Amino acid sequence: MIGYVTVGTNDLPRAAAFYDALFGEMGGRRFMEMERFIAWSSGADKAGFSVAMPYDGKTATVGNGVMVALQAESPEQVDALYKKAMSLGATDEGAPGLRGGTFYAAYFRDLDGNKLNFFHM
C-alpha cells in the first residue's frame with residue numbers, strides 16, 4: 001500500500017551518504033535525485049524512501065510519533081541493518097528483538113533525528 005515515504009533533512013549530502021550506505025545493504029539504490037530530494041528503492045515495483053530539504057525553506061524537524069518501518073527479509077537482516085545504522089552514526093531507539101510474538105524489530109533515529117525501524121514478521 002505504501003508507495004514511498006519522505007523524511008526531512010537539513011543536510012542533504014550527509015543524509016545521502018547515510019542512506020546510500022544503509023540501503024546498499026538491502027539492495028536499494030537511488031532512483032530519483034533533484035537539488036533538494038533523493039529517493040531510493042530496491043526495484044521499480046517496490047516502495048521507495050526519500051529524504052528532502054523542506055520545500056518551504058524552513059528547518060526540517062522530526063514529527064513526534066512519526067516513524068518509518070522498513071521491511072527486512074529475516075531477523076538476521078534486521079540485526080545486520082541495525083548494526084549498520086549504528087555504525088553510520090544512528091542512535092538507538094530499541095535494540096533488535098521480538099515484540100508481540102512474531103514481530104522482530106529494531107528501532108533507531110537517523111542523523112537528522114527521524115525515527116525508523118527494520119522489521120520482519
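The text that follows walks through the structure, step by step, so that each part is easy to find. None of the values given here were measured: they were computed from a predicted structure.

**Observations regarding the overall build of the chain**
Scanning the chain from terminus to terminus reveals two helices and eight strands. Counting from the amino terminus, helix and strand elements in the chain follow one another as β-α-β-β-β-β-α-β-β-β. For the chain, the C-alpha radius of gyration of 14 Å lies close to 14 Å, the compact-globule estimate for 121 residues. Taking all 121 residues of the chain together, 37% fall into the buried category. Considering only contacts within the chain whose residues lie at least 6 apart along the sequence, 49% involve residues at least 24 apart. Treating the 11 positive side-chain charges of the chain as one cloud and the 14 negative ones as another, the clouds have centres 2 Å apart.

**Let's talk about the packing of aromatic side chains**
This structure, assessed with the given rule, holds eight aromatic pairs. Ring centres 5.5 Å apart and planes at 20 degrees place the aromatic pair F103 and F119 in the stacked group. Placement of F103 in strand 7 (residues 103–109) and of F119 in strand 8 (residues 115–120) is noted, with a sequence separation of 16 residues between them. Taken together, a centroid distance of 5.3 Å and an interplanar angle of 25 degrees make the contact between F108 and F118 stacked. Of this pair, F108 sits in strand 7 while F118 sits in strand 8, and the two are 10 residues apart along the sequence. The same class applies to F108 and to F118, which are both buried. Ring pairing ties together the aromatic residues F18, Y19, F23, W40 and F49, which thus form one cluster.

**Observations regarding helix 1 (residues 12–24)**
Compared with an ideal rise of 1.5 Å per residue, which puts 13 residues at 18 Å, helix 1 spans 17 Å between its outermost C-alpha atoms and is within 8% of the ideal. Taken together, the buried positions of helix 1 are L12, A15, A16, F18, Y19, L22 and F23. Down the axis of helix 1, the buried side of the element spans an arc of 165 degrees, and every buried residue falls inside it. The opening residue of helix 1, the one whose side-chain oxygen lies 3.1 Å from the backbone nitrogen of R14, is D11.

**Brief notes about the pairing of strand 6 (residues 91–99)**
Of the strand pairs in this sheet, strand 6 and strand 7 are connected by six bridges, and their pairing is antiparallel. For G97, the partnering residue across the bridge sits in strand 7 and is A105. Counting the residues that bridge the hairpin from strand 6 to strand 7 gives three residues, and of these G100 lies at a positive phi of roughly 70 degrees.

Calculation rules
- Residues numbered from 1 in each chain as written.
- Predicted model: local features only at pLDDT ≥ 70, side-chain atom pairs only at ≥ 80, totals over all residues.
- Heavy atoms only, no water.
- Helix = DSSP H or I, 4+ residues; strand = E, 2+ residues; numbered from the N terminus.
- Rg over C-alpha atoms; globule rule 2.2 N^0.38 Å.
- Buried < 20%, exposed > 50% of the residue type's maximum accessible area, 1.4 Å probe, protein only.
- Contact = heavy atoms within 4.5 Å.
- Lys, Arg positive; Asp, Glu negative; His and termini not counted.
- Charge placed at Lys NZ, Arg CZ, Asp CG, Glu CD.
- Phe/Tyr/Trp six-rings, centres within 6.5 Å; stacked < 30°, edge-to-face > 60°.
- Expected span 1.5 Å × (residues − 1).
- Arc of directions from axis to C-beta.
- Polar contact = N/O pair within 3.5 Å; in protein donor to acceptor, adjacent residues only side chain to side chain.
- Pairing = 2+ DSSP bridges.

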